[in-house]
Amino acid sequence: MPAELTTVVLDCADPAALAAFYAKALGWEVSYADDDTVQLGGGPVGLGFQRVAGYRGPAWPDAAKHVHLDLRVGDLAGAVEEFLALGATKPDFQPGGSDWTVLQDPEGHLFCLAEG
């Protein structure tokens, strides 16, 4: 029985702030918000953020596997600078060489930027 993926939800401490970061980064709009949940729409699937008490972002690098987002951009170097200006951070460990860049959102979730 095939299912349709509708939303990827990230646990976080501050759903509104993290949703604002991704809304600016992706050019998406808030489609739903309450005190504990914010949903963005505008892409092939939704992106949601839910408050979790005591949330701590993942460590990087870490032997444990974590989910991360892969984002395609037109200009890798330019996109890295734009994401850093929005509040992302660039960890020292970069396993992709020049093929992709690993960044962390303001709450520590990992995502990769790749040119394409």
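A. Here's a closer look at unusual backbone geometry. Residue Pro 61 follows Trp 60 across a cis peptide bond; omega there is -5°. Mapped onto the fold, Pro 61 is located in the loop between strand S4 (46-51) and strand S5 (69-73).

B. Main features of the sheet that holds strand S2 (residues 29-33). The mixed open sheet is built from 4 strands, whose spatial order is S1-S4-S3-S2. The sheet terminates laterally at strand S1 (7-12) and S2, the two strands that pair on one side only. In this sheet, adjacent strand axes meet at a mean angle of 25° when their direction is disregarded. When S1 meets S4, the two strands line up parallel, connected through 6 bridges. Pairing of Cys 12 across the sheet is with Arg 51, part of S4. Lying over the sheet, helix H1 (residues 15-26) contacts S1, strand S3 (37-41) and S4, oriented at roughly 160° with respect to S4.

C. Region of interest: the nonpolar core. By size, the foremost hydrophobic cluster in this structure holds 23 residues, and its most contacted members are Tyr 22, Leu 40, Phe 49, Phe 83, Phe 111 and Leu 113. Mapped by element, the contributors of at least two residues to this core are S1, H1, S3, S4, S5, helix H2 (76-86) and strand S7 (110-115). Looking at this core, the element that brings in the most residues is H1, giving 5 residues.

D. Broad picture of the pairing of strand S6 (residues 100-104). The element S6 is largely enclosed, with a buried count of 4 among its 5 residues. Between S6 and S7, which follow one another and run antiparallel, lie 5 residues, and Gly 108 among them has a positive phi close to 100°.

E. Representation of the state of the cysteines within the structure. One pass over the full model with this rule turns up 0 disulfides. In this structure Cys 12 is a free cysteine whose sulfur lies 20 Å from that of Cys 112, the closest cysteine sulfur available. A residue is classified by how much of its surface remains accessible, and Cys 12, at 0% relative accessible area, is buried.

F. Seen up close, the layout of surface pockets. Taken as a whole, the largest pocket encloses approximately 250 Å³ of empty space. Every residue lining the largest pocket is counted, 14 residues in all, and those nearest its centre are Leu 26, Trp 28, Leu 69, Asp 70 and Leu 71. Considering each element in turn, the lining of the largest pocket owes the most residues, 5 residues, to S5. Residues belonging to the lining of the largest pocket are distributed by class as follows: 11 nonpolar, 1 polar and 2 charged.

Definitions and limits used
- Residues numbered from 1 in each chain as written.
- Predicted model: local features only at pLDDT ≥ 70, side-chain atom pairs only at ≥ 80, totals over all residues.
- Heavy atoms only, no water.
- Helix = DSSP H or I, 4+ residues; strand = E, 2+ residues; numbered from the N terminus.
- Pairing = 2+ DSSP bridges.
- Axes fitted to C-alpha atoms, helices over the stretch in contact; angles between N-to-C directions.
- Contact = heavy atoms within 4.5 Å.
- Core = buried A, V, L, I, M, F, W, Y, C linked by side-chain atoms within 4.5 Å.
- Buried < 20%, exposed > 50% of the residue type's maximum accessible area, 1.4 Å probe, protein only.
- Disulfide = S-S within 2.5 Å.
- 1 Å grid on protein atoms, 1.4 Å probe; cavity = no way out; pocket = protein on both sides within 12 Å on 5 of 7 lines; lining within 4 Å.
- Points joined across faces, edges and corners; volume = space filled by probe spheres on them.
- Nonpolar A, V, L, I, M, F, W, Y, C, P; charged D, E, K, R; others polar.

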